[in-house]
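# Structure at a glance
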Amino acid sequence: MHCPQCGFANAEGANYCQKCGAFLAEAAAKTGENTEAYQVDETGELRAVDLEQMAGEGDTLAIRSGGGRAGEVFSVAGEHMTIGRSPEAEVFLDDVTVSRNHALLVRRRDGLYIDDLGSLNGTYVNRRRIESHRLQHGDELQVGKYKLTYLER
């Protein structure tokens, strides 16, 4: 996939340009290379969802890779939302690379933040390890082996 900013030829499936760091998902959307998105409903069945419609309803996290769950989406609701390996976490990521209480999404006056909760493997946003970061549309989060994309309403 060629970067729309600098023209560098990146590996297929890359989210960011290896040369300039530009977000490549918009270029992928133009070529039709989208991940199908789904949610697990109340009965445990997978239900297909439209990411554009989902993003229109509110902030969303979409798993792009990891754990065989690519395409699963989570609506970001409320003042805070937990991410971790604990079954009680709102974003439950069942893998040993994820701490039980790995990270926390927190809504503050100036936007939505992700805070690392002292996890062993760290929390990354756009390939940089963070302690706390204000999320913006298209940010790529990495929690353990999972890569998620933040979609802002």
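Residues numbered from 1 in each chain as written. Predicted model: local features only at pLDDT ≥ 70, side-chain atom pairs only at ≥ 80, totals over all residues. Heavy atoms only, no water.

### Some thoughts on the sheet that holds strand 3 (residues 60–65)
Filter applied, for reference: Being paired, for any two strands, means DSSP has found at least two bridges between them. Helix and strand assignments follow DSSP, with helices taken as H or I runs no shorter than four residues and strands as E runs no shorter than two, numbered in order from the N terminus. Every angle, taken between N-to-C directions, lies between 0 and 180 degrees, and every axis is a line fitted to C-alpha atoms, over only the stretch in contact when it is a helix.
Pairing in this open sheet of six strands is antiparallel, and the strands run 4-3-13-12-9-10 from one edge to the other. Every interior strand has two partners, whereas the edge strands, strand 4 (73–75) and strand 10 (128–130), have only one. Shown here is a sheet whose adjacent strand axes are inclined to one another by a mean of 30 degrees, direction ignored. Strand direction decides the pairing type here: strand 9 (residues 123–125) and strand 10, joined by three bridges, are antiparallel. Bridge pairing in strand 10 places T123 opposite I130.

### A look at the packing of aromatic side chains
Definition in use: In summary, the pairing rule links any two rings of Phe, Tyr or Trp, Trp by its six-membered ring, whose centres are within 6.5 Å, and it sorts them by plane angle into stacked for under 30 degrees, edge-to-face for over 60 and tilted for everything else. Think of it as a cone above the ring: NZ of Lys or CZ of Arg counts as a charge over the ring if it is within 6 Å of the ring centre and within 35 degrees of the ring normal.
By the definition in use, this model includes zero aromatic pairs. The lysine or arginine in question, R108, covers the ring of Y113, its NZ or CZ lying 4.7 Å from the ring centre.

### Some points on the pairing of strand 5 (residues 80–84)
Inspection of the sheet shows strand 5 paired to strand 7 (residues 103–108) by four bridges, in the antiparallel sense. From the neighbouring strand, H80 faces strand 7, where its bridge partner is V106. One ladder, built from two bridges, connects strand 5 with strand 6 (residues 91–92); its direction is parallel. Directly across from I83, in strand 6, lies its bridge partner V91.

### Quick notes on the sheet that holds strand 8 (residues 111–116)
As summarised here, the arrangement of the five strands in space is 6-5-7-8-11, forming an open sheet in which the pairing is mixed. Lying at the two open borders of the sheet, with one neighbouring strand each, are strand 6 and strand 11 (132–134). For strand 8 and strand 11, the ladder comprises three bridges, and the chain directions are antiparallel. Across the sheet, residue Y113 finds its bridge partner in strand 11, namely R134.

### A short note on unusual backbone geometry
A negative phi holds for most residues other than glycine; trans holds for most peptide bonds. Selection rule: Exposure classes here rest on a 1.4 Å probe applied to the protein chains alone. A residue is buried below 20% of its type maximum, exposed above 50%, and partly exposed in between.
Of note, the phi angle at N126 is positive, near 50 degrees, even though the residue is not glycine. Structurally, N126 is set in the loop between strand 9 and strand 10. Of note, R127 is a non-glycine position whose phi angle comes to about 70 degrees, a positive value. We classify R127 as exposed; its relative accessible area is 53%.

### Considerations on the environment of S119
Here is the rule: Between two residues, a contact is recorded if the distance between any of their heavy atoms is within 4.5 Å. For this analysis, a polar contact is any N or O atom pair within 3.5 Å, provided that within protein one partner can donate a hydrogen and the other can accept it, and provided that sequence-adjacent residues contribute only side-chain to side-chain pairs.
With respect to the helices and strands, S119 occurs in the loop between strand 8 and strand 9. Judged by relative accessible area, S119 falls into the buried class, the value being 7%. In sequence terms S119 and A103 are 16 residues apart; their C-alpha atoms lie 7.5 Å from each other. Beyond its immediate stretch of four places on either side in the chain, S119 contacts S99, H102 and R129. Side chain to side chain, S119 and D116 meet in a polar contact 2.6 Å long. There is a polar contact of 3.1 Å between the side chain of S119 and the backbone nitrogen of G122.

### Considering the pattern of salt bridges
What counts, and what does not: Definition used for salt bridges: Asp or Glu carboxyl oxygen within 4 Å of a side-chain nitrogen of Lys or Arg.
In this structure the tally under the stated criterion is four salt bridges. Linking D59 and R107 is a salt bridge whose minimum nitrogen-to-oxygen distance equals 3.3 Å. Here R107 lies in strand 7 and D59 lies in the loop between helix 2 (51–57) and strand 3, a separation of 48 residues in the sequence. On the basis of relative accessibility, which here comes to 7%, the residue D59 falls in the buried class. Across the salt bridge formed by E72 and R69, the nearest N and O atoms sit 2.8 Å from each other. By the burial criterion, E72 is buried, and R69 matches it.

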